Amino acid sequence: MTQFDLTDDQRAIQEMAQRFTADAITPHAAEWDEKHIFPCDTIRTAAELGFGGIYVSEEAGGIGLGRLEAALIMEAMAYGCPSTSAFISIHNMGAWMIDRFGSQAVKDKYLPDLVPMTRMASYCLTEAGAGSDAAALKTKAVKDGDHYVVTGSKQFISGGGENDVYVVMVRTGDDGAKGISCLVIEKDMPGVSFGAQERKLGWHSQPTAQVNFDGVRVPVENLVGSEGEGFRIAMMGLDGGRLNIGACSLGGAQRAIDEAVRYTKDRKQFGQAIADFQNTQFILADMQTELEAARALLYAAAVKVTDNAPDKTRFAAMAKRFATDTGSSVVDRALQLHGGYGYLMDYPIERIWRDLRVHSILEGTNQVMRMIVARDMLRP
């Protein structure tokens, strides 16, 4: 990225993702949402463009891009379907963790299938009793010879029950963050089971379920990083995940603005298009201004994460908080501008409104994002 604009290569990546979205995602997103269809074939088509290993290294088969390029791709796909774009983001987070911290044996075992998304990955941190307090997780892994025996469960797992590979944070040591390690667990390992699919407000195009481990024997070679490094690895994964979720909010909100502009120019009340009323114009102007500010912060944070800047985590938290709050606020105003029609499934606004609502909860709630920022500000 040049100081205040995208490079030609970044624009080419963005345009490729936008074309793919217009052709393969946008025309089908409403049906996926209404019928709760998990579009595996479309997702694998995205992987043919490299979107299954966006920041997986080229040596491991990925396309080795930076976090800004990843955000551009997620933003573009979320313009058509925030839910599907977010699913691809989560898969990328899991694949990157394996590539960045896994041994060569783990990389060789999983990345050749994860990059083309012939197998898909889930990220498993949250538990029923460990949400914002993630370091309090209870899922236990006890070493037994050349295996770990894993017992516990994970909650709200995107891809749960459908995905083949689960990157799981487990407790191998004492209480607290330093007792957490990271293991790769496969769907068909004996003792792995899944809860019923969750009935959600939004994100209908991707499965979400509890993942249960009942004495699952996992080879020691499936350890990602060293014992005790799992929480640090999980948090580093979340720096990028937060950027991507923020980018999904940018894409969904931009779609809502474009729909609102189109609708208000066509809709006539009191003898004129409602876009001609100054009140409407002020609302639209504020929506676009606020979204551009969120976009600028998120792009800057993405560059910092790519560059491993000392303040990368603070900026990722600020960008996630601001982009997701702004995105939801923008879509809410777009729905209001549509009036009663915005509440109908005939228009995409209500779907985007539902899909974006969860973005201020997952990948760390926006309240936790404020804690991260303030803690960094007040550090001695």
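Everything below is about the structure printed above this text.
As the structure is a prediction and not an experimental result, all values here were calculated from the model. (Residues numbered from 1 in each chain as written. Predicted model: local features only at pLDDT ≥ 70, side-chain atom pairs only at ≥ 80, totals over all residues. Heavy atoms only, no water.)

Draft legend 1. Looking closely at helix H8 (residues 278-306). With 29 residues, H8 should reach 42 Å at 1.5 Å per residue; the first-to-last C-alpha distance of 42 Å fits that figure. By the burial criterion, the buried members of H8 are Thr280, Leu284, Met287, Leu291, Ala294, Arg295, Leu298, Tyr299, Ala301, Ala302 and Val305. Looking at the packing, one finds that the buried side of H8 touches helix H1 (8-25), helix H4 (67-80), helix H7 (230-266) and helix H9 (312-338). Among the residues trailing H8, Asn308 stands out with phi positive, at a value near 55 degrees. (Helix = DSSP H or I, 4+ residues; strand = E, 2+ residues; numbered from the N terminus. Expected span 1.5 Å × (residues − 1). Buried < 20%, exposed > 50% of the residue type's maximum accessible area, 1.4 Å probe, protein only. Contact = heavy atoms within 4.5 Å.)

Draft legend 2. Representation of the packing of aromatic side chains in the model. Evaluated as defined, the whole model comprises nine aromatic pairs. When the centroid spacing of 6.4 Å and the interplanar angle of 85 degrees are considered together, the rings of Phe20 and Phe51 count as edge-to-face. One end of the pair, Phe20, is in helix H1; the other, Phe51, is in the loop between helix H3 (40-48) and H4, and 31 residues separate them in sequence. Taking relative accessible area as the criterion, Phe51 reaches 1% and is therefore assigned buried. Here a set of aromatic residues connected by ring pairs shows up, and it is made of Tyr55, Trp96 and Phe101. One residue, Arg67, lies across the ring of Tyr55, its end atom 3.7 Å from the ring centre. The positively charged end of Lys304 is found above the aromatic ring belonging to Phe315, 4.5 Å away from the centroid. (Phe/Tyr/Trp six-rings, centres within 6.5 Å; stacked < 30°, edge-to-face > 60°. Lys NZ or Arg CZ within 6 Å of the ring centre and 35° of its normal.)

Draft legend 3. Inspection of the pairing of strand E1 (residues 121-124) at higher detail. Covered by surrounding structure in E1 are Ala121 and Tyr123 together with Ser122 and Cys124, the residues of both alternating faces. Two elements, E1 and strand E4 (residues 165-171), share four bridges in a ladder whose sense is parallel. Among the inter-strand pairings, Cys124 is bridged to a residue of E4, identified as Val168. (Pairing = 2+ DSSP bridges.)

Draft legend 4. Focus on unusual backbone geometry. You will see that Met117, though not glycine, has its phi angle at about 60 degrees, which is positive. Summarising the element assignment, Met117 is placed in the loop between helix H6 (104-114) and E1. You will see that Glu363, though not glycine, has its phi angle at about 60 degrees, which is positive. A relative accessible area of 11% places Glu363 in the buried class.

Draft legend 5. Local environment of the packing of H4 against H7. Closest axis-to-axis distance for the H4/H7 pair is 7 Å, and the angle between their directions is 40 degrees. In terms of their interaxial angle, H4 and H7 are classed as oblique. Crossing of H4 against H7: the hand is right-handed. On H7, the residues that touch Arg67, Ala70, Ala71, Met74, Glu75, Ala78, Tyr79 and Gly80 of H4 are Gly240, Leu243, Asn244, Ala247, Cys248, Leu250, Gly251, Gly252, Gln254, Arg255 and Asp258. (Axes fitted to C-alpha atoms, helices over the stretch in contact; angles between N-to-C directions. Parallel < 35°, antiparallel > 145°, perpendicular 65-115°, else oblique. Left-handed = near helix turned anticlockwise from the far one by under 90°.)

Draft legend 6. Examining H6 more closely. For H6, the full list of buried residues reads Val106, Lys107, Tyr110, Leu111 and Leu114. End-on, the buried residues of H6 take up no more than an arc of 110 degrees, which puts them together on one face. Buried-residue contacts for H6 involve helix H5 (82-101), E1, E4, strand E5 (180-186) and strand E8 (223-224). (Arc of directions from axis to C-beta.)

Draft legend 7. Inspection of the pattern of salt bridges at higher detail. A full pass over the atoms with the stated rule returns 21 salt bridges. With a shortest N-O distance of 2.7 Å, Lys109 and Glu221 are connected by a salt bridge. Placement of Lys109 in helix H6 and of Glu221 in the loop between strand E7 (208-219) and E8 is noted, with a sequence separation of 112 residues between them. Judged by its relative accessible area of 27%, Lys109 falls in the partly exposed class. The closest approach of N and O atoms between Arg262 and Glu259, which form a salt bridge, is 3.1 Å. In this pair, Arg262 and Glu259 both sit in helix H7, three residues apart, roughly one turn of the helix. Taken together, the salt bridges that share partners define one network made up of Asp33, Glu350 and Arg354. (Salt bridge = Lys/Arg side-chain N within 4 Å of Asp/Glu carboxyl O.)

Draft legend 8. Up close: the layout of surface pockets. By volume, the largest pocket is sized at about 1300 Å³. Lining the largest pocket are 47 residues; nearest its centre among them are Ile361, Leu362, Glu363, Gly364 and Thr365. Broken down by secondary-structure element, the contributors of at least two residues to the lining of the largest pocket are H5, strand E3 (147-158), H7, H9, helix H10 (349-357) and helix H11 (366-377). Looking at the lining of the largest pocket residue by residue, the classes come out as 21 nonpolar, ten polar and 16 charged. (1 Å grid on protein atoms, 1.4 Å probe; cavity = no way out; pocket = protein on both sides within 12 Å on 5 of 7 lines; lining within 4 Å. Points joined across faces, edges and corners; volume = space filled by probe spheres on them. Nonpolar A, V, L, I, M, F, W, Y, C, P; charged D, E, K, R; others polar.)

Draft legend 9. View of the state of the cysteines. A full pass over the atoms with the stated rule returns zero disulfides. In this model Cys40 remains outside any disulfide bridge; the closest cysteine sulfur is found in Cys81, 13 Å from its own. For Cys40, a relative accessible area of 21% translates into the label partly exposed. Of all cysteine sulfurs in the structure, the one in Cys124 sits closest to Cys182, which takes part in no disulfide; the separation is 9.5 Å. On the basis of relative accessible area, Cys182 is assigned to the buried category, the value being 0%. (Disulfide = S-S within 2.5 Å.)

Draft legend 10. Layout of the nonpolar core. Counting residues in each nonpolar core, the largest one holds 111 residues, and the members touching the most others are Met97, Tyr123, Val150, Met169, Ile185 and Leu298. In terms of residue count, the dominant contributor to this core is H7 (14 residues). Setting aside residues no more than four positions away along its own chain, Ile185 makes contact with Val150, Asp164, Val165, Tyr166, Val168, Val192, Phe213, Val216 and Val218. Core analysis: the second largest hydrophobic core is formed by five residues, Ala317, Val368, Met369 and Val373 among them. (Core = buried A, V, L, I, M, F, W, Y, C linked by side-chain atoms within 4.5 Å.)

Everything listed is a geometric property; what it means functionally is a separate question.
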